[in-house]
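# Commentary on secondary and tertiary structure
So the chains spell out like this:
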Amino acid sequence: MLSKKNVTMEKIVSLCKRRGFVFPSSEIYGGFAAIYDYGPYGVELANNIKKVWWKTMVQLREDIVGLDSAIFMHPKIWQASGHLTGFADPLVECKKCHVRLRLDHLLENIGVPADEKMTAEEIGRLFKKHEAKLKCPNCSGKSFTAVKKFNLLVKSNLGDFTDDWNKEPVYLRGETCQGIYVNYKNVLDTARVKVPFGIAQIGKAFRNEITARQFIFRTREFEQMEMQYFIEPDREMAEYEKLKKERWQFYLDLGITKENLSWQKHANLVFYAKEAYDIEYNFPFGAKELEGVHARGDYDLSQHAKFSGQDLSYTDPITKKKYLPHIAESSAGVGRTVLAVLCDAYHEEEVNGEVRTVLKLNKQLAPIKIAVFPLLKNKAELVKLAKKIYDQLKADYLCEFDDNGSIGKRYRRQDEIGTPFCITVDFDSLEKDDVTVRDRDSMKQKRVKIEELKDYFREKLQ
Ligand code: GAP
(Lines give C-alpha, C1' and ligand atoms only; values in the text may rest on other atoms or scores of the structure.)
Protein backbone atom coordinates (compact mmCIF):
# COMPACT_ATOMS: atom_id res chain seq x y z
CA MET A 1 0.00 0.00 0.00
CA LEU A 2 1.66 3.18 -1.21
CA SER A 3 0.34 6.23 0.60
CA LYS A 4 0.81 9.71 -0.83
CA LYS A 5 -0.59 13.04 0.19
CA ASN A 6 -0.89 14.42 -3.37
CA VAL A 7 -3.22 17.10 -2.03
CA THR A 8 -4.19 20.05 -4.20
CA MET A 9 -6.94 22.62 -3.77
CA GLU A 10 -8.67 21.29 -6.91
CA LYS A 11 -8.92 17.84 -5.28
CA ILE A 12 -10.19 19.25 -1.98
CA VAL A 13 -12.80 21.47 -3.67
CA SER A 14 -13.94 18.58 -5.85
CA LEU A 15 -14.18 16.15 -2.89
CA CYS A 16 -16.10 18.74 -0.85
CA LYS A 17 -18.67 19.18 -3.62
CA ARG A 18 -18.86 15.52 -4.64
CA ARG A 19 -19.30 14.20 -1.13
CA GLY A 20 -21.39 16.97 0.39
CA PHE A 21 -18.94 18.81 2.65
CA VAL A 22 -19.14 22.29 1.11
CA PHE A 23 -21.33 23.76 -1.62
CA PRO A 24 -20.99 27.15 -3.32
CA SER A 25 -23.77 29.38 -1.97
CA SER A 26 -26.90 29.92 -4.12
CA GLU A 27 -25.49 27.58 -6.74
CA ILE A 28 -28.72 27.22 -8.73
CA TYR A 29 -28.58 31.01 -9.23
CA GLY A 30 -24.98 30.90 -10.46
CA GLY A 31 -23.35 31.14 -7.03
CA PHE A 32 -22.63 34.10 -4.75
CA ALA A 33 -19.04 35.27 -4.48
CA ALA A 34 -17.05 34.39 -1.37
CA ILE A 35 -19.96 32.69 0.41
CA TYR A 36 -20.24 28.92 0.95
CA ASP A 37 -22.72 26.50 2.48
CA TYR A 38 -21.80 23.47 4.54
CA GLY A 39 -23.44 20.24 3.37
CA PRO A 40 -24.43 17.19 5.46
CA TYR A 41 -20.84 16.04 6.17
CA GLY A 42 -19.37 19.55 6.32
CA VAL A 43 -21.75 20.64 9.04
CA GLU A 44 -20.87 17.55 11.10
CA LEU A 45 -17.13 18.17 10.69
CA ALA A 46 -17.48 21.87 11.57
CA ASN A 47 -19.70 21.02 14.58
CA ASN A 48 -17.17 18.44 15.80
CA ILE A 49 -14.36 21.03 15.58
CA LYS A 50 -16.51 23.52 17.50
CA LYS A 51 -17.31 20.87 20.12
CA VAL A 52 -13.60 20.14 20.72
CA TRP A 53 -12.87 23.88 20.90
CA TRP A 54 -15.71 24.49 23.40
CA LYS A 55 -14.66 21.52 25.52
CA THR A 56 -11.04 22.71 25.61
CA MET A 57 -11.89 26.36 26.15
CA VAL A 58 -14.90 26.22 28.45
CA GLN A 59 -15.78 22.77 29.79
CA LEU A 60 -12.29 21.84 30.97
CA ARG A 61 -11.48 25.31 32.32
CA GLU A 62 -12.58 26.71 35.65
CA ASP A 63 -11.50 30.20 34.64
CA ILE A 64 -13.31 30.54 31.30
CA VAL A 65 -17.04 30.96 30.69
CA GLY A 66 -19.09 31.01 27.49
CA LEU A 67 -21.17 33.68 25.81
CA ASP A 68 -23.39 34.06 22.77
CA SER A 69 -23.74 37.75 21.97
CA ALA A 70 -25.89 39.07 19.12
CA ILE A 71 -24.55 39.71 15.62
CA PHE A 72 -26.04 43.21 15.60
CA MET A 73 -24.67 45.64 18.15
CA HIS A 74 -24.82 49.35 18.89
CA PRO A 75 -23.04 51.08 15.95
CA LYS A 76 -20.92 53.09 18.41
CA ILE A 77 -19.11 49.85 19.31
CA TRP A 78 -17.41 49.86 15.90
CA GLN A 79 -16.40 53.46 16.38
CA ALA A 80 -14.93 52.69 19.80
CA SER A 81 -13.17 49.54 18.58
CA GLY A 82 -11.43 51.46 15.80
CA HIS A 83 -13.03 49.40 13.02
CA LEU A 84 -14.69 52.39 11.37
CA THR A 85 -11.32 53.97 10.71
CA GLY A 86 -8.72 51.22 10.98
CA PHE A 87 -10.37 48.07 9.58
CA ALA A 88 -9.53 48.50 5.92
CA ASP A 89 -7.65 46.67 3.17
CA PRO A 90 -5.62 48.35 0.42
CA LEU A 91 -7.64 48.32 -2.81
CA VAL A 92 -6.68 49.06 -6.41
CA GLU A 93 -8.77 48.62 -9.53
CA CYS A 94 -7.47 47.24 -12.81
CA LYS A 95 -8.07 50.00 -15.38
CA LYS A 96 -8.59 47.45 -18.15
CA CYS A 97 -11.09 44.92 -16.72
CA HIS A 98 -12.18 46.96 -13.65
CA VAL A 99 -11.72 44.05 -11.28
CA ARG A 100 -10.95 45.16 -7.71
CA LEU A 101 -7.82 43.73 -6.19
CA ARG A 102 -5.96 43.70 -2.88
CA LEU A 103 -2.72 45.53 -3.43
CA ASP A 104 -0.91 43.61 -0.67
CA HIS A 105 -1.76 40.34 -2.47
CA LEU A 106 -0.56 41.74 -5.83
CA LEU A 107 2.72 42.78 -4.22
CA GLU A 108 3.10 39.41 -2.49
CA ASN A 109 2.61 37.71 -5.88
CA ILE A 110 5.80 39.36 -7.15
CA GLY A 111 7.70 38.59 -3.94
CA VAL A 112 7.38 41.98 -2.24
CA PRO A 113 6.46 41.54 1.44
CA ALA A 114 3.32 43.58 2.17
CA ASP A 115 0.23 43.23 4.32
CA GLU A 116 -3.12 44.81 4.97
CA LYS A 117 -1.93 46.37 8.22
CA MET A 118 0.38 48.81 6.43
CA THR A 119 -0.85 52.39 6.32
CA ALA A 120 -2.06 53.81 3.00
CA GLU A 121 1.19 55.80 2.80
CA GLU A 122 3.43 52.77 3.46
CA ILE A 123 1.76 50.54 0.91
CA GLY A 124 1.37 53.49 -1.50
CA ARG A 125 5.18 53.88 -1.52
CA LEU A 126 5.62 50.16 -2.32
CA PHE A 127 2.98 50.47 -5.05
CA LYS A 128 4.87 53.34 -6.73
CA LYS A 129 8.16 51.48 -6.52
CA HIS A 130 6.88 48.20 -8.01
CA GLU A 131 3.92 49.31 -10.16
CA ALA A 132 5.65 48.46 -13.46
CA LYS A 133 6.01 44.81 -12.39
CA LEU A 134 2.39 44.32 -11.25
CA LYS A 135 -0.06 42.38 -13.39
CA CYS A 136 -3.84 41.93 -13.04
CA PRO A 137 -4.51 38.22 -12.32
CA ASN A 138 -7.80 38.50 -14.22
CA CYS A 139 -6.78 40.10 -17.57
CA SER A 140 -2.99 40.61 -17.25
CA GLY A 141 -3.61 44.40 -17.43
CA LYS A 142 -0.75 46.53 -16.19
CA SER A 143 -2.47 49.75 -15.24
CA PHE A 144 -4.18 50.36 -11.91
CA THR A 145 -6.04 53.14 -10.11
CA ALA A 146 -4.41 54.83 -7.10
CA VAL A 147 -4.49 52.77 -3.90
CA LYS A 148 -7.23 53.44 -1.38
CA LYS A 149 -8.08 51.81 1.91
CA PHE A 150 -11.42 49.99 1.70
CA ASN A 151 -13.36 49.46 4.94
CA LEU A 152 -14.37 45.84 5.50
CA LEU A 153 -17.40 46.33 7.75
CA VAL A 154 -20.69 45.17 6.20
CA LYS A 155 -23.56 47.64 6.58
CA SER A 156 -27.26 46.97 7.13
CA ASN A 157 -30.48 49.00 7.45
CA LEU A 158 -31.58 47.25 10.66
CA GLY A 159 -34.16 49.38 12.46
CA ASP A 160 -33.92 52.21 9.92
CA PHE A 161 -37.09 52.59 7.86
CA THR A 162 -35.95 55.63 5.90
CA ASP A 163 -34.14 55.73 2.57
CA ASP A 164 -31.24 57.41 4.29
CA TRP A 165 -29.95 54.45 6.34
CA ASN A 166 -26.51 54.62 4.78
CA LYS A 167 -25.86 57.74 6.85
CA GLU A 168 -26.02 55.88 10.16
CA PRO A 169 -25.84 52.19 9.31
CA VAL A 170 -25.93 49.32 11.76
CA TYR A 171 -23.06 46.95 11.05
CA LEU A 172 -22.93 43.19 10.93
CA ARG A 173 -20.14 42.35 13.35
CA GLY A 174 -16.68 42.16 11.82
CA GLU A 175 -15.36 40.04 14.71
CA THR A 176 -17.13 38.28 17.57
CA CYS A 177 -14.87 39.58 20.34
CA GLN A 178 -16.52 43.01 20.53
CA GLY A 179 -19.60 41.25 21.95
CA ILE A 180 -17.30 39.85 24.63
CA TYR A 181 -15.78 43.23 25.61
CA VAL A 182 -19.16 44.93 25.96
CA ASN A 183 -20.41 42.06 28.15
CA TYR A 184 -17.29 41.89 30.30
CA LYS A 185 -18.96 43.75 33.21
CA ASN A 186 -22.15 41.65 32.96
CA VAL A 187 -20.12 38.45 33.17
CA LEU A 188 -18.00 39.77 36.01
CA ASP A 189 -21.11 40.74 37.98
CA THR A 190 -22.99 37.49 37.41
CA ALA A 191 -20.59 34.59 36.92
CA ARG A 192 -18.30 33.38 39.68
CA VAL A 193 -15.15 34.69 38.02
CA LYS A 194 -12.32 36.93 39.06
CA VAL A 195 -9.31 38.22 37.13
CA PRO A 196 -7.66 36.37 35.49
CA PHE A 197 -10.62 34.92 33.63
CA GLY A 198 -11.74 34.38 30.07
CA ILE A 199 -14.90 34.64 27.99
CA ALA A 200 -15.29 32.35 24.98
CA GLN A 201 -17.66 32.64 22.08
CA ILE A 202 -18.32 30.96 18.73
CA GLY A 203 -20.27 32.90 16.14
CA LYS A 204 -20.61 34.41 12.71
CA ALA A 205 -18.63 37.41 11.53
CA PHE A 206 -18.90 39.33 8.28
CA ARG A 207 -16.28 41.17 6.24
CA ASN A 208 -16.50 42.82 2.85
CA GLU A 209 -13.41 41.00 1.60
CA ILE A 210 -12.22 42.58 -1.64
CA THR A 211 -11.09 39.41 -3.30
CA ALA A 212 -12.62 35.99 -2.88
CA ARG A 213 -9.71 33.59 -2.72
CA GLN A 214 -8.92 30.02 -1.89
CA PHE A 215 -12.32 28.43 -1.36
CA ILE A 216 -13.45 28.60 2.31
CA PHE A 217 -10.15 30.17 3.41
CA ARG A 218 -11.36 33.73 2.85
CA THR A 219 -15.10 34.28 2.79
CA ARG A 220 -17.37 37.25 3.42
CA GLU A 221 -19.46 35.37 5.99
CA PHE A 222 -17.54 33.07 8.32
CA GLU A 223 -17.48 31.72 11.85
CA GLN A 224 -14.96 32.61 14.52
CA MET A 225 -14.02 30.81 17.74
CA GLU A 226 -12.69 33.54 20.01
CA MET A 227 -11.57 33.64 23.63
CA GLN A 228 -10.61 36.83 25.41
CA TYR A 229 -8.60 36.42 28.62
CA PHE A 230 -8.79 39.33 31.10
CA ILE A 231 -5.54 39.79 33.00
CA GLU A 232 -3.84 41.98 35.55
CA PRO A 233 -1.59 44.35 33.48
CA ASP A 234 1.72 42.99 34.84
CA ARG A 235 0.71 39.42 33.99
CA GLU A 236 -0.33 40.11 30.39
CA MET A 237 2.73 38.82 28.55
CA ALA A 238 3.11 35.73 30.79
CA GLU A 239 -0.54 34.74 30.20
CA TYR A 240 -0.16 35.51 26.50
CA GLU A 241 2.81 33.10 26.26
CA LYS A 242 0.75 30.45 28.08
CA LEU A 243 -2.12 30.95 25.67
CA LYS A 244 0.19 30.59 22.69
CA LYS A 245 1.32 27.17 23.94
CA GLU A 246 -2.28 26.03 24.59
CA ARG A 247 -3.42 27.10 21.16
CA TRP A 248 -0.57 25.27 19.42
CA GLN A 249 -1.50 22.11 21.33
CA PHE A 250 -5.14 22.46 20.25
CA TYR A 251 -4.21 21.91 16.59
CA LEU A 252 -2.01 18.94 17.47
CA ASP A 253 -4.94 17.48 19.42
CA LEU A 254 -7.12 17.83 16.32
CA GLY A 255 -4.62 15.49 14.68
CA ILE A 256 -2.97 18.08 12.43
CA THR A 257 0.59 17.17 11.44
CA LYS A 258 3.07 19.23 13.45
CA GLU A 259 5.28 19.84 10.40
CA ASN A 260 2.37 21.59 8.68
CA LEU A 261 2.00 24.15 11.48
CA SER A 262 4.18 27.20 12.07
CA TRP A 263 4.29 30.45 14.00
CA GLN A 264 4.43 33.77 12.21
CA LYS A 265 5.13 36.95 14.15
CA HIS A 266 3.28 40.03 12.86
CA ALA A 267 5.75 42.49 11.40
CA ASN A 268 3.08 45.20 11.14
CA LEU A 269 0.72 45.22 14.08
CA VAL A 270 -3.00 45.67 13.62
CA PHE A 271 -4.29 48.83 15.34
CA TYR A 272 -5.29 47.16 18.61
CA ALA A 273 -2.36 44.79 19.16
CA LYS A 274 0.77 45.11 21.33
CA GLU A 275 2.22 41.87 20.04
CA ALA A 276 0.70 39.29 17.74
CA TYR A 277 1.49 35.87 16.33
CA ASP A 278 -0.39 33.78 13.81
CA ILE A 279 -0.53 30.01 13.83
CA GLU A 280 -0.21 29.13 10.16
CA TYR A 281 -1.10 25.94 8.33
CA ASN A 282 0.77 24.80 5.27
CA PHE A 283 -2.18 24.85 2.83
CA PRO A 284 -1.65 23.71 -0.80
CA PHE A 285 -1.45 27.45 -1.65
CA GLY A 286 1.22 28.12 1.00
CA ALA A 287 1.52 28.70 4.74
CA LYS A 288 -1.40 30.95 5.77
CA GLU A 289 -3.08 32.10 8.97
CA LEU A 290 -5.30 29.67 10.84
CA GLU A 291 -5.58 31.67 14.03
CA GLY A 292 -4.29 34.86 15.61
CA VAL A 293 -3.02 35.05 19.18
CA HIS A 294 -2.85 38.69 20.22
CA ALA A 295 -1.74 40.68 23.25
CA ARG A 296 -4.27 43.52 23.08
CA GLY A 297 -3.22 45.49 26.19
CA ASP A 298 -6.03 47.61 27.64
CA TYR A 299 -6.96 48.99 24.22
CA ASP A 300 -10.43 47.41 24.07
CA LEU A 301 -11.69 48.11 27.57
CA SER A 302 -10.29 51.65 27.62
CA GLN A 303 -11.93 52.45 24.27
CA HIS A 304 -15.30 51.06 25.39
CA ALA A 305 -15.02 52.85 28.74
CA LYS A 306 -14.34 56.10 26.87
CA PHE A 307 -17.11 55.76 24.29
CA SER A 308 -19.79 54.34 26.63
CA GLY A 309 -18.93 56.55 29.61
CA GLN A 310 -19.02 53.44 31.87
CA ASP A 311 -16.36 52.54 34.40
CA LEU A 312 -14.97 49.20 33.23
CA SER A 313 -12.18 48.98 35.79
CA TYR A 314 -11.71 45.97 38.07
CA THR A 315 -10.94 46.04 41.78
CA ASP A 316 -8.98 43.08 43.08
CA PRO A 317 -11.01 41.66 46.01
CA ILE A 318 -7.85 40.91 48.05
CA THR A 319 -5.32 43.63 47.24
CA LYS A 320 -8.02 46.26 46.45
CA LYS A 321 -5.86 47.32 43.55
CA LYS A 322 -7.98 48.98 40.83
CA TYR A 323 -7.05 48.61 37.19
CA LEU A 324 -8.33 48.11 33.68
CA PRO A 325 -7.64 44.47 32.77
CA HIS A 326 -5.40 43.75 29.80
CA ILE A 327 -6.43 41.14 27.25
CA ALA A 328 -4.79 38.14 25.60
CA GLU A 329 -6.86 36.90 22.71
CA SER A 330 -7.17 33.65 20.78
CA SER A 331 -9.06 34.10 17.53
CA ALA A 332 -9.56 31.14 15.21
CA GLY A 333 -11.73 30.57 12.15
CA VAL A 334 -14.02 27.54 11.87
CA GLY A 335 -13.83 27.47 8.04
CA ARG A 336 -10.04 27.69 8.01
CA THR A 337 -9.80 24.90 10.58
CA VAL A 338 -12.16 22.74 8.49
CA LEU A 339 -9.97 23.38 5.44
CA ALA A 340 -6.73 22.63 7.30
CA VAL A 341 -8.17 19.42 8.78
CA LEU A 342 -9.37 18.29 5.33
CA CYS A 343 -6.03 19.07 3.64
CA ASP A 344 -4.14 17.31 6.41
CA ALA A 345 -6.36 14.21 6.37
CA TYR A 346 -6.40 13.84 2.57
CA HIS A 347 -4.47 10.81 1.32
CA GLU A 348 -4.30 8.87 -1.89
CA GLU A 349 -3.22 5.25 -1.66
CA GLU A 350 -2.52 2.68 -4.28
CA VAL A 351 -4.44 -0.49 -3.47
CA ASN A 352 -4.29 -3.44 -5.88
CA GLY A 353 -3.42 -1.13 -8.76
CA GLU A 354 -6.22 1.33 -7.96
CA VAL A 355 -6.12 4.67 -6.19
CA ARG A 356 -8.21 4.97 -3.06
CA THR A 357 -8.86 8.46 -1.68
CA VAL A 358 -9.15 8.45 2.07
CA LEU A 359 -9.64 11.14 4.68
CA LYS A 360 -7.60 9.99 7.67
CA LEU A 361 -9.55 12.23 10.01
CA ASN A 362 -9.09 12.19 13.73
CA LYS A 363 -11.91 9.90 14.87
CA GLN A 364 -13.56 12.52 17.07
CA LEU A 365 -13.81 14.85 14.04
CA ALA A 366 -15.10 12.30 11.51
CA PRO A 367 -18.63 13.27 10.40
CA ILE A 368 -19.86 9.65 10.38
CA LYS A 369 -18.34 7.30 12.94
CA ILE A 370 -19.74 3.94 11.75
CA ALA A 371 -21.32 2.80 8.48
CA VAL A 372 -23.47 -0.34 8.51
CA PHE A 373 -23.92 -2.44 5.36
CA PRO A 374 -25.95 -5.56 4.61
CA LEU A 375 -23.85 -7.60 2.19
CA LEU A 376 -26.77 -7.83 -0.25
CA LYS A 377 -29.66 -5.45 -0.65
CA ASN A 378 -32.11 -8.09 -1.82
CA LYS A 379 -31.70 -10.48 1.11
CA ALA A 380 -34.33 -9.41 3.62
CA GLU A 381 -32.75 -11.22 6.59
CA LEU A 382 -29.38 -9.45 6.05
CA VAL A 383 -31.08 -6.05 5.68
CA LYS A 384 -33.16 -6.67 8.81
CA LEU A 385 -30.15 -7.55 10.96
CA ALA A 386 -28.06 -4.66 9.57
CA LYS A 387 -30.94 -2.24 10.33
CA LYS A 388 -31.18 -3.63 13.87
CA ILE A 389 -27.45 -3.04 14.46
CA TYR A 390 -27.69 0.43 12.93
CA ASP A 391 -30.63 1.30 15.20
CA GLN A 392 -28.69 0.10 18.26
CA LEU A 393 -25.57 2.12 17.46
CA LYS A 394 -27.16 5.35 16.23
CA ALA A 395 -28.16 6.40 19.74
CA ASP A 396 -24.46 6.74 20.63
CA TYR A 397 -22.79 7.60 17.31
CA LEU A 398 -23.66 9.27 14.06
CA CYS A 399 -24.04 6.22 11.81
CA GLU A 400 -24.96 5.67 8.21
CA PHE A 401 -26.89 2.75 6.72
CA ASP A 402 -25.95 1.92 3.14
CA ASP A 403 -27.14 -0.97 0.99
CA ASN A 404 -26.31 0.53 -2.39
CA GLY A 405 -23.79 -0.94 -4.85
CA SER A 406 -20.93 -3.34 -4.23
CA ILE A 407 -19.28 -3.53 -0.80
CA GLY A 408 -16.04 -2.22 -2.39
CA LYS A 409 -17.83 0.87 -3.66
CA ARG A 410 -19.47 1.44 -0.29
CA TYR A 411 -16.04 1.22 1.42
CA ARG A 412 -14.59 3.77 -1.04
CA ARG A 413 -17.43 6.19 -0.38
CA GLN A 414 -16.95 5.96 3.39
CA ASP A 415 -13.16 6.29 2.98
CA GLU A 416 -13.69 9.55 1.10
CA ILE A 417 -15.74 11.03 3.93
CA GLY A 418 -13.37 9.70 6.60
CA THR A 419 -15.64 7.15 8.33
CA PRO A 420 -13.36 5.24 10.76
CA PHE A 421 -15.36 1.97 10.80
CA CYS A 422 -17.60 0.00 8.45
CA ILE A 423 -19.67 -2.97 9.59
CA THR A 424 -20.74 -5.62 7.08
CA VAL A 425 -23.53 -8.05 7.89
CA ASP A 426 -23.09 -11.25 5.83
CA PHE A 427 -24.52 -14.76 5.81
CA ASP A 428 -22.14 -15.89 8.58
CA SER A 429 -23.63 -13.14 10.75
CA LEU A 430 -27.00 -14.91 10.66
CA GLU A 431 -25.44 -18.13 11.96
CA LYS A 432 -22.70 -16.88 14.28
CA ASP A 433 -24.08 -13.55 15.56
CA ASP A 434 -20.98 -11.68 14.48
CA VAL A 435 -20.10 -9.08 11.82
CA THR A 436 -17.07 -7.80 9.93
CA VAL A 437 -15.65 -4.53 11.23
CA ARG A 438 -13.30 -2.85 8.77
CA ASP A 439 -10.79 -0.23 9.87
CA ARG A 440 -10.51 2.84 7.57
CA ASP A 441 -6.75 3.35 7.87
CA SER A 442 -5.37 -0.19 7.86
CA MET A 443 -8.30 -1.62 5.83
CA LYS A 444 -7.97 -4.68 8.11
CA GLN A 445 -11.14 -6.61 8.82
CA LYS A 446 -12.09 -8.29 12.08
CA ARG A 447 -15.03 -10.41 13.19
CA VAL A 448 -16.75 -8.95 16.25
CA LYS A 449 -19.71 -10.47 18.13
CA ILE A 450 -22.83 -8.33 17.68
CA GLU A 451 -23.39 -8.19 21.44
CA GLU A 452 -19.84 -6.85 21.89
CA LEU A 453 -20.12 -4.05 19.31
CA LYS A 454 -21.06 -1.35 21.81
CA ASP A 455 -18.05 -2.09 24.04
CA TYR A 456 -15.79 -2.41 20.99
CA PHE A 457 -16.69 1.04 19.70
CA ARG A 458 -16.70 2.60 23.16
CA GLU A 459 -13.02 1.69 23.35
CA LYS A 460 -12.16 2.55 19.72
CA LEU A 461 -14.04 5.86 19.54
CA GLN A 462 -13.28 7.16 22.99
N1 GAP B 1 -10.59 39.42 16.96
C2 GAP B 1 -9.40 39.34 16.19
C3 GAP B 1 -9.62 38.96 14.81
O4 GAP B 1 -10.73 38.92 14.32
P5 GAP B 1 -8.34 38.29 12.64
O6 GAP B 1 -6.92 37.88 12.46
O7 GAP B 1 -8.88 39.38 11.79
O8 GAP B 1 -8.48 38.66 14.18
C9 GAP B 1 -9.11 35.89 13.29
O10 GAP B 1 -9.27 37.01 12.46
C11 GAP B 1 -9.37 34.62 12.54
O12 GAP B 1 -10.64 34.65 11.90
C13 GAP B 1 -8.37 34.34 11.41
O14 GAP B 1 -7.20 33.74 11.90
C15 GAP B 1 -9.17 33.40 10.53
O16 GAP B 1 -9.10 32.08 11.00
C17 GAP B 1 -10.58 33.92 10.69
N18 GAP B 1 -10.92 34.82 9.55
C19 GAP B 1 -10.67 36.14 9.45
N20 GAP B 1 -11.13 36.62 8.29
C21 GAP B 1 -11.67 35.58 7.63
C22 GAP B 1 -12.34 35.42 6.36
N23 GAP B 1 -12.56 36.45 5.57
N24 GAP B 1 -12.75 34.19 6.00
C25 GAP B 1 -12.57 33.13 6.83
N26 GAP B 1 -11.98 33.22 8.02
C27 GAP B 1 -11.54 34.42 8.43
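Since we're looking at a predicted model, the values are computed, not measured.

With that out of the way, let us pick up the sheet that holds strand 23 (residues 434–439). The strand order across the open sheet formed by five strands is 21-20-22-23-24, and the pairing between neighbours is mixed. Pairing within the sheet leaves two strands with one partner each, and these edge strands are strand 21 (399–401) and strand 24 (445–449). The average angle at which neighbouring strand axes cross in this sheet is 25°, direction not considered. Bridging between strand 20 (residues 370–374) and strand 21 involves three bridges; their strand directions are parallel. The residue bridging I370 from the neighbouring strand is C399, located in strand 21.

So, on to the sheet that holds strand 17 (residues 326–333). Taking strand neighbours across the sheet as the criterion, the seven strands line up as 4-10-11-17-14-13-12 in an open arrangement whose pairing is mixed. Single-partner strands in this sheet number two, and they are strand 4 (64–66) and strand 12 (261–265). Direction aside, neighbouring strands of the sheet carry axes that sit 25° apart on average. The sheet contact formed by strand 14 (residues 286–297) and strand 17 spans six bridges and is antiparallel.

Turning next to the site of the ligand. In the neighbourhood of the ligand, 22 residues make up the surrounding shell, with E175, E209, E226, E289 and E329 lying closest. With respect to the ligand, the side chain of E329 contributes an N or O atom lying 2.7 Å from a nitrogen atom. Contact between the ligand and G333: an oxygen atom at 2.9 Å from a main-chain N or O atom of the residue. In the complex, 93% of the free accessible area of the ligand, which totals 550 Å², lies under the protein chains. If you tally residues by element for the shell around the ligand, the top one is strand 14, at six residues. The residue inventory of the shell around the ligand, partitioned by class, reads six nonpolar, six polar and 10 charged.

To continue, consider the layout of surface pockets. For the second largest pocket, the calculated volume is near 500 Å³. Taken together, 21 residues form the lining of the second largest pocket, with N48, K51, V52, K55 and Q364 sitting closest to its centre. Among the secondary structure elements, those contributing two or more residues to the lining of the second largest pocket are helix 2 (40–59) and helix 9 (236–253). Element by element, the count of residues in the lining of the second largest pocket is highest for helix 2, at six residues. Looking at the lining of the second largest pocket residue by residue, the class counts come to eight nonpolar, five polar and eight charged.

Here the focus is the pattern of salt bridges. One pass over the full model with this rule turns up 37 salt bridges. The closest approach of N and O atoms between D89 and R102, which form a salt bridge, is 3.0 Å. You can see D89 sitting in strand 5 (residues 88–93) and its partner R102 sitting in strand 6 (residues 100–102), a full 13 residues away along the chain. The two residues D89 and R102 agree in class, both being buried. The partner of R458 in a salt bridge is D455, with the nearest N and O atoms 2.7 Å apart. In this pair, R458 and D455 both sit in helix 15 (residues 453–460), three residues apart, roughly one turn of the helix. Residue class for D455 comes out partly exposed when judged on its relative accessible area of 47%.

Reading the values: the criteria
Residues numbered from 1 in each chain as written. Predicted model: local features only at pLDDT ≥ 70, side-chain atom pairs only at ≥ 80, totals over all residues. Heavy atoms only, no water. Pairing = 2+ DSSP bridges. Helix = DSSP H or I, 4+ residues; strand = E, 2+ residues; numbered from the N terminus. Axes fitted to C-alpha atoms, helices over the stretch in contact; angles between N-to-C directions. Near = heavy atom within 4 Å. Polar contact = N/O pair within 3.5 Å; in protein donor to acceptor, adjacent residues only side chain to side chain. Areas by Shrake-Rupley, 256 points an atom, 1.4 Å probe, with all protein chains shown as cover. Nonpolar A, V, L, I, M, F, W, Y, C, P; charged D, E, K, R; others polar. 1 Å grid on protein atoms, 1.4 Å probe; cavity = no way out; pocket = protein on both sides within 12 Å on 5 of 7 lines; lining within 4 Å. Points joined across faces, edges and corners; volume = space filled by probe spheres on them. Salt bridge = Lys/Arg side-chain N within 4 Å of Asp/Glu carboxyl O. Buried < 20%, exposed > 50% of the residue type's maximum accessible area, 1.4 Å probe, protein only.

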